[in-house]
Amino acid sequence: MPGLIPPSLVVLSGAGLSAESGVATFRGADGLWEGHRIEEVATPEAFKHQPQLVHRFYNLRRAGLKTVLPNAAHEALVKLEREWPGAFLHVTQNVDDLNERAGAQKLLHMHGELKKVRCLWCRAVLPWEDSLETTTACPECAKTGKLRPDIVWFTEMPYYIDEIMRALQTVNVFLCIGTSGVVYPAAGFARLAADYGCQRMIEVNLEPTSISDNFTEQRHGPATVEVPKLVDELLAELSSGKV
């Protein structure tokens with residue numbers, strides 16, 4: 001109908017989106033991140049007391065991005081972003097750059113980015129491709145020992161929370177892709193979207209999660225299979241007026 005406002009859509013993605021590209025999900029069944037306790041590599045205290053270990057851990061993660069490519073799920077979400085006529089926002093918990101390399105534009109990294117660093121002295125946030133050491137000088141203020149990965153560590157506040165909350169208040173279609181549903185506040189976004197009145201809520205994961213009951217639909221299987229199928233379905237429904 002003329003004048004009808006197109007539905008708004010929010011995507012929340014997690015490690016399962018990039019896993020098939022070869023990006024490590026880090027956390028194992030024993031709770032360790034590749035042999036390290038979270039407290040050793042992913043907290044402000046770890047960086048304060050063992051900066052060399054923290055830098056080594058994230059240097060390896062950053063270097064690993066050069067060996068992986070976006071997969072069919074990343075590309076399908078970019079197609080959805082490009083063709084969705086209403087408001088669109090992709091919120092990712094991932095710190096890799098695969099969504100950007102696939103062409104994503106309307107994207108928020110709520111947990112930061114591997115390819116950025118932040119200076120604790122001058123607060124500059126800078127793009128970064130190479131290794132980072134305690135002796136590396138900040139390009140902005142020239143201080144050494146003050147550059148850290150621009151990653152949201154445990155006990156720190158995620159980025160863009162206000163913008164995400166605003167989007168959840170008006171979302172009509174909410175997609176949750178490849179997230180475990182155990183890391184807050186992201187694990188609470190589905191419940192919030194439902195409380196604000198979102199009617200179409202779809203979870204895509206290999207198996208049910210602790211937040212699956214919040215969704216009206218579940219799709220179980222690899223992201224590279226299920227996400228492209230879902231995107232094609234949503235766009236077809238939209239064009240026929242069913243969404």
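Criteria and thresholds
Residues numbered from 1 in each chain as written. Predicted model: local features only at pLDDT ≥ 70, side-chain atom pairs only at ≥ 80, totals over all residues. Heavy atoms only, no water. UniProt positions renumbered as here; feature names shortened; annotations may be inferred. Buried < 20%, exposed > 50% of the residue type's maximum accessible area, 1.4 Å probe, protein only. Helix = DSSP H or I, 4+ residues; strand = E, 2+ residues; numbered from the N terminus. Pairing = 2+ DSSP bridges. Right-handed = clockwise from strand over helix to strand, strands pointing away. Axes fitted to C-alpha atoms, helices over the stretch in contact; angles between N-to-C directions. Contact = heavy atoms within 4.5 Å. Domains from an automatic or database assignment. Buried area = accessible area lost by both parts, 1.4 Å probe. Salt bridge = Lys/Arg side-chain N within 4 Å of Asp/Glu carboxyl O. Polar contact = N/O pair within 3.5 Å; in protein donor to acceptor, adjacent residues only side chain to side chain. Nonpolar A, V, L, I, M, F, W, Y, C, P; charged D, E, K, R; others polar.

- The protein chain goes by NAD-dependent protein deacylase in an unreviewed UniProt entry, where it is assigned to Brevifollis gellanilyticus.
- Under the UniProt heading Sequence similarities (unreviewed entry), the note attached to the protein chain is "Belongs to the sirtuin family. Class III subfamily."
- Among the UniProt annotations of the protein chain, the heading Function (unreviewed entry) holds the following wording: "NAD-dependent lysine deacetylase and desuccinylase that specifically removes acetyl and succinyl groups on target proteins. Modulates the activities of several proteins which are inactive in their acylated form."

Structural notes on the pairing of strand β7 (residues 173-177)
So, step 1. Of all the five residues making up β7, five are buried; the element is thus mostly covered by neighbouring parts of the structure.
So, step 2. Pairing geometry for strand β1 (residues 9-13) and β7, over five bridges, is parallel. Across the sheet, Leu12 pairs through a bridge with Cys176, a residue of β7.
So, step 3. Sheet analysis places β7 next to strand β8 (residues 200-205), joined by five bridges and oriented parallel. Bridged to Ile177 within β8 is Val204.
So, step 4. Following the backbone out of β7, through helix α8 (residues 189-195) and into the adjacent parallel β8, one traces a crossover that is right-handed.

Overview of the sheet that holds strand β4 (residues 112-119)
So, step 1. As summarised here, the arrangement of the three strands in space is β5-β4-β6, forming an open sheet in which the pairing is antiparallel. Because the sheet does not close on itself, it has two edges, and the strands there are β5 (125-127) and β6 (147-151). Taking each pair of neighbouring strands and ignoring which way they run, the sheet shows an average axis angle of 45°.
So, step 2. Bridge count between β4 and β5: three bridges; the pairing is antiparallel. The partner of Val117 across the bridge, within β5, is Leu126.
So, step 3. Running at roughly 55° to β6, helix α4 (residues 51-64) makes contact with β4 and β6 of the sheet.

A few points about the domain arrangement of the protein chain
So, step 1. Segmentation of the protein chain into domains returns domain 1 (1-23 + 70-111 + 157-242) and domain 2 (26-67 + 112-151).
So, step 2. Centre-to-centre, using C-alpha coordinates, domain 1 lies 27 Å away from domain 2.
So, step 3. Taken together, the eleven residues of domain 1 in the interface contact nine residues of domain 2.
So, step 4. For the pair domain 1 and domain 2, the summed buried surface comes to about 830 Å²; carbon and sulfur atoms form 48% of the total.
So, step 5. Sorting the residues of domain 1 by area buried against domain 2 places Val95, Asp97 and Tyr159 first, and these three jointly supply 52% of that buried surface.
So, step 6. Along the contact surface separating domain 1 from domain 2 lie one salt bridge.
So, step 7. The tally of links from domain 1 across to domain 2 stands at six residue pairs in polar contact (both at pLDDT 80 or more).
So, step 8. Each residue belonging to the side of domain 1 that touches domain 2 can be placed in one class, and the counts come to four nonpolar, three polar and four charged.

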